[in-house]
Amino acid sequence: MTAVAATSKAGASSSSSGGGGAAAPKQEEIIRTFQRLRQEQHAMSEKVSEVKSQISEHKSVIAALEKVSGDRTCYRMVDQALVERKVADVLPELVLMKTNLESTVALMQQQLEKKGTELVEYKAKYDIRIQGENPAAAS
């Protein structure tokens, strides 16, 4: 696990103050939130890779089915059942699925970029530095 250090740009907060009002988050909370944001970004990135893999699989099946006669029998796994269908019936469904997956990936990549921006802003807001990171890259 990577070590993370956070310093507040607003200065040191007084932990002994009993007064009301919005207190700055504690260092542990800042680090926890930063790590949660990083985990969310990583999970989103993995999901994008997974969907891209599915697109690749769809492309290869589509390419194989385009080379055979439309009245030929093929088998398709639907949930946990193997279904016998004709190529002419399956091919349009696969093309539609591939198109839907591609649009899903585009949306997911936009969300991933937003999460990256949020992470960078949070990092800058609380002056978070990751151990081993080049100080010039952090600014």
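Residues numbered from 1 in each chain as written. Predicted model: local features only at pLDDT ≥ 70, side-chain atom pairs only at ≥ 80, totals over all residues. Heavy atoms only, no water.

Caption draft 1: Region of interest: the nonpolar core. With 8 residues, the main nonpolar core is built from Ile30, Phe34, Leu37, Leu119, Tyr122, Tyr126, Ile128 and Ile130. Of all the elements in the fold, those that place two or more residues in this core are helix H1 (27-66), helix H2 (87-125) and strand E4 (128-130). Among the elements that make up this core, the one with the highest residue count is H1 (3 residues). (Core = buried A, V, L, I, M, F, W, Y, C linked by side-chain atoms within 4.5 Å. Buried < 20%, exposed > 50% of the residue type's maximum accessible area, 1.4 Å probe, protein only. Helix = DSSP H or I, 4+ residues; strand = E, 2+ residues; numbered from the N terminus.)

Caption draft 2: Highlighting the environment of Gln35. Looking at the secondary structure, you find Gln35 in helix H1. Since its relative accessible area comes to 23%, Gln35 is described here as partly exposed. A C-alpha to C-alpha distance of 9.5 Å links Gln35 and Leu119, two positions 84 residues apart in sequence.

Caption draft 3: Local environment of the packing of H1 against H2. For the pair H1 and H2, interaxial distance at closest approach is 8 Å and the crossing angle is 160°. Comparing their axes, H2 and H1 come out roughly antiparallel. H2 is crossed by H1, and the crossing has left-handed handedness. Here the contact of H1 with H2 is composed, by residue class, of 22 nonpolar, 8 polar and 12 charged. (Axes fitted to C-alpha atoms, helices over the stretch in contact; angles between N-to-C directions. Parallel < 35°, antiparallel > 145°, perpendicular 65-115°, else oblique. Left-handed = near helix turned anticlockwise from the far one by under 90°. Nonpolar A, V, L, I, M, F, W, Y, C, P; charged D, E, K, R; others polar.)

Caption draft 4: Up close: the confidence of the model for the protein. Considering every residue of the protein, the mean pLDDT works out to 86; 81% of them sit at 70 or more. Across the protein, element-level confidence peaks in H2 with a mean pLDDT of 97 and bottoms out in helix H3 (residues 135-138) with 59. Between residues 10-20, whose pLDDT stays under 50, and residues either more than four places distant or in other chains, the model counts 0 contacts. (pLDDT = per-residue confidence, 0-100. Contact = heavy atoms within 4.5 Å.)

Caption draft 5: Looking closely at the pairing of strand E2 (residues 73-78). Here E2 pairs with strand E3 (residues 81-86) via 6 bridges, running antiparallel. The residue of E3 that forms the bridge with Arg76 is Val83. Where E2 hands over to E3, the hairpin turn is made up of 2 residues, of which Asp79 adopts a positive phi near 55°. (Pairing = 2+ DSSP bridges.)

Caption draft 6: View of H2. Its 39 residues place the ends of H2 56 Å apart at the C-alpha level, agreeing with the 57 Å of an ideal helix rising 1.5 Å per residue. Asp127 sits one or two positions beyond H2 and adopts a positive phi of about 50°. (Expected span 1.5 Å × (residues − 1).)

Caption draft 7: Molecular detail of the environment of Met44. Residue placement: Met44 occurs in helix H1. Distance in space between the C-alpha atoms of Met44 and Gln111 is 8.3 Å, their sequence separation being 67 residues. In this structure Met44 touches Met108, Gln111, Leu112 and Lys115, once residues within four positions along its chain are discounted.

Caption draft 8: Local environment of the pattern of salt bridges. For the structure shown, the criterion picks out 8 salt bridges. Notably, a salt bridge pairs Glu102 with Lys98, separated by 3.3 Å at the nearest N-O pair. One end of the pair is Glu102 and the other is Lys98, both in helix H2 and 4 residues apart, which spans about a single turn. Residue classification places Lys98 among the buried residues on the basis of a relative accessible area of 17%. Salt bridges sharing common partners tie together Arg36, Glu40, Lys115 and Glu118. (Salt bridge = Lys/Arg side-chain N within 4 Å of Asp/Glu carboxyl O.)

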